[in-house]
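So you can see what is in the structure, the chains are spelled out below.
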Amino acid sequence: EKGGWPSFMSKEVSEEPEAIANTLRGRINNGAVEIPELDGLDGLFEGISRIVVIACGTAAYAGQVGKYAIEQWARIPVDVELAHEFRYRDPVIGPDTLVVSISQSGETMDTLMAVKFARERGARTLSICNTQGATIPRESDAVVYTHAGPEVAVASTKAFVAQIAALYLLALHVARVRGTMSAEAIAEQVDELEAVPTKIQRILDTESARITELAHWMADTRSVLFLGRHVGFPIALEGALKLKEISYIHAEGFAAGELKHGPIALIEPGQPVFVIVPSPRASALLHSKVVSTIEEIRARGARVIAIAEEGDAAVLPTADEVLRIPLAAPLIEPLLAVVPLHLFAMGLATAKGLDVDQPRNLAKSVTVE
Ligand code: BG6
């Protein structure tokens, strides 16, 4: 079933382009986003005043990326909560709240219980799920399936990018219904989304070998840090989670702006730090801030591996290694920047001789609370 790949994870990373293309299919019509599963729900989308996203693990990071898009495009405030935290406080939710759950398996008990709790409190519920007919979509008012195909490796990869694609479709669908974006502006984002599979394929084709080599050099590394800003922040968290899950290496992701408020104390000579660099075309300010972050940590001896767009020359004198991603709109970048991080985690686990598909202590779907 691995189709010649050494592991399910390597097969599934190679399927990231397809997972996104299949998730977009049938939901885009002439530059407009129309999700057939959401037909008849315009009233719901017009009536809500906030969205709460609930999920666990990688799915929660997809939710954090989705927050930026939903707020920017559909102008609805979004909170992202870990399902197990959400349920054990006294959240302010009601009929004007749409609770969006995200789950690859659709069976994660923490997420399921949070969905049930939200319904009891009168909230409306929508599930983003990769498994047809699973419990969470059945317990929800509406469902938007991701079409990533079955994911076998415990660490989620193609489901993660498909979840972001589904959240973006949802954001554009709601933006149309609520009239917060012009048809032209929606069509521009749709074009960008449709170009993602080819761009991911390019990263897989051009960067895989180098990333594997880098991972081999780093096989003895004891700790890796990940920094990002804006949508790069949840991608930094995802990069760190993957490394913990399958490489058993201490890893942490930080918002780059938070560095000087504490984490910079961790930087000592030789400390590897991945930095996700936003495009200078979208925001010269954000870009220059991240470049100065690189300079600050380099001055303290960090070994910097930058993930930056093709042609961004500002990172060359500052970073030790630069992994390239194709040019894309700002909200599209996380779908590209995460690919080298998935490859890196896999490369490092492989270099350490670990089972990348079945990491110790973890299960693909946690059906107990
Ligand atoms: C964890 C898995 O137990 O559950 C993670 O190890 C996953 O990879 C998380 O992200 C959430 O799972 P699901 O099925 O709800 O997306």
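Structural data are supplied above this passage.
All of the points below concern the structure found in this document. (Residues numbered from 1 in each chain as written. Predicted model: local features only at pLDDT ≥ 70, side-chain atom pairs only at ≥ 80, totals over all residues. Heavy atoms only, no water.)

Points about the site of the ligand
Argument step 1. Close contacts around the ligand come from 13 residues, with Thr58, Ser103, Gln104, Ser105 and Thr108 the closest.
Argument step 2. Contact between the ligand and glutamine 104: an oxygen atom at 2.7 Å from a main-chain N or O atom of the residue.
Argument step 3. Within the contact set of the ligand, an oxygen atom lies 2.6 Å away from a side-chain nitrogen or oxygen of serine 105.
Argument step 4. Burial of the ligand by the protein amounts to 92% of the accessible area it has alone, namely 390 Å².
Argument step 5. Across the shell around the ligand, the residue classes tally to five nonpolar, seven polar and one charged. (Near = heavy atom within 4 Å. Polar contact = N/O pair within 3.5 Å; in protein donor to acceptor, adjacent residues only side chain to side chain. Areas by Shrake-Rupley, 256 points an atom, 1.4 Å probe, with all protein chains shown as cover. Nonpolar A, V, L, I, M, F, W, Y, C, P; charged D, E, K, R; others polar.)

Structural notes on the pairing of strand 9 (residues 250-255)
Argument step 1. Taken together, the six bridges between strand 8 (residues 223-228) and strand 9 define a ladder with parallel strand orientation. Following the sheet pairing, phenylalanine 226 is matched in strand 9 by glycine 253.
Argument step 2. This β-α-β element, strand 8 to helix 11 (residues 232-247) to strand 9, shows right-handed connectivity. (Pairing = 2+ DSSP bridges. Helix = DSSP H or I, 4+ residues; strand = E, 2+ residues; numbered from the N terminus. Right-handed = clockwise from strand over helix to strand, strands pointing away.)

Considering the packing of helix 2 (residues 16-24) against helix 10 (residues 196-217)
Argument step 1. As a packed pair, helix 2 and helix 10 sit with axes 8 Å apart at the nearest point and diverge in direction by 175°. Our classification of the angle between helix 2 and helix 10 gives roughly antiparallel. For the pair helix 2 and helix 10, contact is made by Glu16, Pro17, Ile20 and Ala21 and by Val196, Pro197, Ile200, Gln201 and Leu204, respectively.
Argument step 2. Grouping the amino acids of the contact of helix 2 with helix 10 by side-chain chemistry returns seven nonpolar, one polar and one charged. (Axes fitted to C-alpha atoms, helices over the stretch in contact; angles between N-to-C directions. Parallel < 35°, antiparallel > 145°, perpendicular 65-115°, else oblique. Contact = heavy atoms within 4.5 Å.)

Quick word on the sheet that holds strand 9
Argument step 1. The five strands lie next to each other as 9-8-10-11-12, forming an open sheet whose pairing is parallel. Looking along the sheet, the strands with just one partner apiece sit at the ends: strand 9 and strand 12 (321-325). In this sheet, adjacent strand axes meet at a mean angle of 20° when their direction is disregarded.
Argument step 2. Packing against the sheet, helix 10 makes contact with strand 10 (272-276), strand 11 (303-309) and strand 12, and its axis sits at approximately 155° to strand 12.
Argument step 3. Contacts from helix 12 (residues 284-299) reach strand 8, strand 10 and strand 11 within the one sheet, and its direction differs from that of strand 10 by about 170°.

With respect to the nonpolar core
Argument step 1. Phe45, Leu126, Tyr168 and Phe274 are the most contacted members of the largest nonpolar core, which totals 96 residues.
Argument step 2. With 14 residues, the top contributor of residues to this core is helix 8 (residues 158-178).
Argument step 3. Sequence-distant contacts of leucine 126, that is, excluding residues within four places in its chain, are made with Leu38, Phe45, Leu98, Val99, Val100, Ser101, Ser140, Ala142, Val144 and Leu170. (Core = buried A, V, L, I, M, F, W, Y, C linked by side-chain atoms within 4.5 Å. Buried < 20%, exposed > 50% of the residue type's maximum accessible area, 1.4 Å probe, protein only.)

Focus: the pattern of salt bridges
Argument step 1. Applying the stated criterion across every chain, the model contains 20 salt bridges.
Argument step 2. The closest approach of N and O atoms between lysine 11 and glutamate 15, which form a salt bridge, is 3.0 Å.
Argument step 3. We classify glutamate 15 as buried; its relative accessible area is 13%.
Argument step 4. For glutamate 15, the salt bridge identified is with lysine 158, shortest N-O distance 2.8 Å. Here lysine 158 lies in helix 8 and glutamate 15 lies in the loop between helix 1 (8-14) and helix 2, a separation of 143 residues in the sequence. Taken individually, glutamate 15 and lysine 158 each receive the classification buried, so the pair is uniform in this respect.
Argument step 5. Where salt bridges share partners, they join Glu207, Arg210, Arg303 and Glu321 into one cluster. (Salt bridge = Lys/Arg side-chain N within 4 Å of Asp/Glu carboxyl O.)

Overview of the packing of aromatic side chains
Argument step 1. As enumerated under the stated definition, the model contains four aromatic pairs in all.
Argument step 2. For the pair tryptophan 73 and tyrosine 168, a centre-to-centre distance of 5.4 Å together with 75° between the ring planes defines the contact as edge-to-face. Here the residue tryptophan 73 occupies a position in helix 4 (residues 58-74), and tyrosine 168 occupies one in helix 8, the gap between them amounting to 95 residues.
Argument step 3. Ring centres of phenylalanine 226 and phenylalanine 274 lie 5.1 Å apart, and the angle between their planes is 10°; this geometry places the pair in the stacked category. Of this pair, phenylalanine 226 sits in strand 8 while phenylalanine 274 sits in strand 10, placing them 48 residues apart in sequence.
Argument step 4. Judged by relative accessible area, which is 1%, phenylalanine 226 ranks as buried.
Argument step 5. Relative accessible area serves as the criterion here: at 1%, phenylalanine 274 is assigned to the buried category. (Phe/Tyr/Trp six-rings, centres within 6.5 Å; stacked < 30°, edge-to-face > 60°.)

Side note on helix 12
Argument step 1. Taking 1.5 Å per residue as the helical rise, helix 12 with its 16 residues ought to reach 22 Å, and the 22 Å between its terminal C-alpha atoms agrees with that figure.
Argument step 2. All buried positions along helix 12 are accounted for by His287, Val290, Val291, Thr293, Ile294 and Ile297. Each buried residue of helix 12 sits inside an arc of 150° when the element is viewed along its axis, so together they form one side. Away from its buried face, by an angle of more than 90 degrees, helix 12 presents the exposed residues Ala284, Leu285 and Ala299.
Argument step 3. Buried residues belonging to helix 12 abut strand 8, strand 10 and strand 11.
Argument step 4. Within two residues after helix 12, glycine 301 carries a phi angle of roughly 95°, on the positive side. (Expected span 1.5 Å × (residues − 1). Arc of directions from axis to C-beta.)

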